[in-house]
Amino acid sequence: MFYFFKSSEPSALGMSLTIDDSGLIEHGRKIYQVHCQSCHGVKLEGQANWRERGADGKLPAPPHNEFGHTWHHPDRYLFQMTKYGIERMLGERYPNNMPAYEKILSDRDILAVLSFIKSTWPKEIQLRHDQINLRTRE
């Protein structure tokens, strides 16, 4: 069971990932290079065998391109996962390497990097992601 947090965070205020703002996308690309690329890859390809737990019990970093599952999640989930981390969303311990960025990146920075990621998806995947967002708002 995932928890969605009620707060003044951008996604809770109705803001969503934006792929039309070149300044925001470029800002997100730079953040991705610094904070995400080392695990999720230069081309958002993720780590090898990302669906199989390693000897430490942790899953490798998944891809954020169209071959991963990032686009299967609504904006709000992606924002909160990035900001708070999976353990806080699950409400329990979960072996993983993904840090929570709550004290590292601003809300705008998180929206920018997620918008950059979405901007790299093929148009068909972007539209499918938009539909997922619509269904979660209804």
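In what follows, the structure referred to is the one given above.
Let me sum up the structure you'll find in this document. (Residues numbered from 1 in each chain as written. Predicted model: local features only at pLDDT ≥ 70, side-chain atom pairs only at ≥ 80, totals over all residues. Heavy atoms only, no water.)

**Brief notes about the nonpolar core**
Turning to step 1, where the next piece is worked out: With 27 residues, the main nonpolar core has Tyr 32, Val 113, Leu 114, Phe 116 and Ile 117 as its most contacted residues.
Turning to step 2, where the next piece is worked out: Those elements that place two or more of their residues in this core are helix H1 (22-35), helix H3 (75-84), helix H4 (86-90), helix H5 (107-119) and helix H6 (123-137).
Turning to step 3, where the next piece is worked out: The element best represented in this core is H5, accounting for seven residues.
Turning to step 4, where the next piece is worked out: Leave out the neighbours within four places in its chain, and Val 113 touches Gly 28, Ile 31, Tyr 32 and Cys 36. (Core = buried A, V, L, I, M, F, W, Y, C linked by side-chain atoms within 4.5 Å. Buried < 20%, exposed > 50% of the residue type's maximum accessible area, 1.4 Å probe, protein only. Helix = DSSP H or I, 4+ residues; strand = E, 2+ residues; numbered from the N terminus. Contact = heavy atoms within 4.5 Å.)

**Quick word on the pattern of salt bridges**
Two side chains that carry opposite charge are able to pair once their charged atoms sit near each other.
Turning to step 1, where the next piece is worked out: Scanning the entire structure with this criterion turns up six salt bridges.
Turning to step 2, where the next piece is worked out: The shortest N-O distance in the salt bridge between Asp 130 and Lys 118 comes to 2.5 Å. Of the two residues, Asp 130 is situated in helix H6 and Lys 118 in helix H5; the sequence distance between them amounts to twelve residues.
Turning to step 3, where the next piece is worked out: Residue classification places Asp 130 among the partly exposed positions, given a relative accessible area of 31%.
Turning to step 4, where the next piece is worked out: Owing to a relative accessible area of 3%, Lys 118 belongs among the buried residues under this scheme.
Turning to step 5, where the next piece is worked out: Arg 128 serves as the salt-bridge partner of Glu 124, at 3.9 Å between the closest nitrogen and oxygen. Of this pair, Glu 124 and Arg 128 both sit in helix H6, four residues apart, which is roughly one turn of that helix.
Turning to step 6, where the next piece is worked out: Accessibility expressed as a relative area gives 42% for Arg 128, which makes it partly exposed. (Salt bridge = Lys/Arg side-chain N within 4 Å of Asp/Glu carboxyl O.)

**Overview of the packing of aromatic side chains**
Turning to step 1, where the next piece is worked out: Under the defined criterion, the tally for this structure stands at one aromatic pair.
Turning to step 2, where the next piece is worked out: Relative to Phe 116, the ring of Tyr 32 has its centre 5.6 Å away and its plane inclined at 50 degrees; by these criteria the two rings are tilted. Of this pair, Tyr 32 sits in helix H1 while Phe 116 is found in helix H5, placing the two residues 84 residues apart along the sequence.
Turning to step 3, where the next piece is worked out: The buried category is assigned to Tyr 32, whose relative accessible area is 1%.
Turning to step 4, where the next piece is worked out: Note on Phe 116: relative accessible area 10%, which makes it buried. (Phe/Tyr/Trp six-rings, centres within 6.5 Å; stacked < 30°, edge-to-face > 60°.)

**Structural notes on the state of the cysteines**
Turning to step 1, where the next piece is worked out: For the structure shown, the criterion picks out zero disulfides.
Turning to step 2, where the next piece is worked out: Counting only cysteine sulfurs, Cys 39 is the nearest neighbor of Cys 36, a cysteine outside any disulfide, at a range of 8.7 Å.
Turning to step 3, where the next piece is worked out: When its relative accessible area of 37% is taken as the criterion, Cys 39 is described as partly exposed. (Disulfide = S-S within 2.5 Å.)

**Details of the layout of surface pockets**
Turning to step 1, where the next piece is worked out: Of the volumes computed, that of the largest pocket is approximately 740 Å³.
Turning to step 2, where the next piece is worked out: Taken together, 32 residues form the lining of the largest pocket, with His 40, Pro 62, His 64, Met 81 and Met 98 sitting closest to its centre.
Turning to step 3, where the next piece is worked out: The set of elements that each furnish at least two residues to the lining of the largest pocket consists of H1, helix H2 (37-40), H3 and H5.
Turning to step 4, where the next piece is worked out: Take the lining of the largest pocket: its biggest share by element is four residues, from H3. (1 Å grid on protein atoms, 1.4 Å probe; cavity = no way out; pocket = protein on both sides within 12 Å on 5 of 7 lines; lining within 4 Å. Points joined across faces, edges and corners; volume = space filled by probe spheres on them.)

**A few points about the side chain of His 64**
Turning to step 1, where the next piece is worked out: Relative to the elements of secondary structure, His 64 occurs in the loop between H2 and H3.
Turning to step 2, where the next piece is worked out: Assessed through its relative accessible area of 13%, His 64 is described here as buried.
Turning to step 3, where the next piece is worked out: Beyond its immediate sequence surroundings of up to four residues, His 64 is in contact with Tyr 32, His 40, Leu 44, Thr 70, Ile 117 and Trp 121.

The values are spatial; any link to function lies outside them.
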